[in-house]
Amino acid sequence: MANIKSAKKRILVNRTKADRNKAIRSGVKTAMKKVFAAVDANDKAAAQTALLEATATIDKAASKGVYHANNASRKVSRLAKAVNKMA
């Protein structure tokens, strides 16, 4: 355990940020699962609405710095590709 006051504060701040990032990542994963579930169910309308929500969630995570811009772009691209492949 740290003895210096500033080091103690850094530990607390880092823990808070890690918890926040974990929650945001979890939200992105949930949004992506909803899109893939709709694609698997072959429900085009639900897939498109889920895609819009997932895209917004992923973009917000990227803007907060939780995901790198290229990583977020790749996730959105994969989701869009899956939805567009539907008959």
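Residue numbers restart at each chain and count upward from 1, following the sequence in its written direction. Restriction of local features to residues with pLDDT of at least 70 applies here, the model being predicted, together with a cutoff of 80 or more for giving and counting side-chain atom pairs; totals for whole chains, interfaces and linings are based on all residues. Computation of side-chain values covers all heavy atoms of the structure but excludes hydrogens and water.

(A) View of helix 1 (residues 5–40). Put simply, DSSP H or I for four residues or longer makes a helix, DSSP E for two residues or longer makes a strand, and each gets a number counted from the N terminus. Each residue after the first adds 1.5 Å to the expected span of a helix. The first and last C-alpha atoms of helix 1 sit 53 Å apart over 36 residues, in line with the 52 Å expected at 1.5 Å per residue. Residue burial is assigned from relative accessible area. The probe radius is 1.4 Å, only protein chains are included, and a residue is buried under 20% of its type maximum, exposed over 50%, and partly exposed in between. When helix 1 is considered as a whole, its buried residues turn out to be V28, A31, M32, V35, A38 and V39. When checking whether two residues touch, look at their non-hydrogen atoms; a contact exists if any pair is within 4.5 Å. Against the buried residues of helix 1 lie helix 2 (44–63) and helix 3 (69–84). Once helix 1 ends, the next one or two residues include N42, with phi positive near 60°.

(B) Seen up close, the nonpolar core. Within the largest apolar cluster, 20 residues are counted, with the highest numbers of intra-cluster contacts made by V35, V39, I58 and L79. Put simply, the parts of the chain that give this core at least two residues each are helix 1, helix 2 and helix 3. Not counting residues within four places of it along the chain, the set of residues in contact with I58 comprises V28, M32, A72, K75, V76 and L79. The criterion is simple. A nonpolar core is a set of buried Ala, Val, Leu, Ile, Met, Phe, Trp, Tyr and Cys residues joined through side-chain atoms within 4.5 Å.

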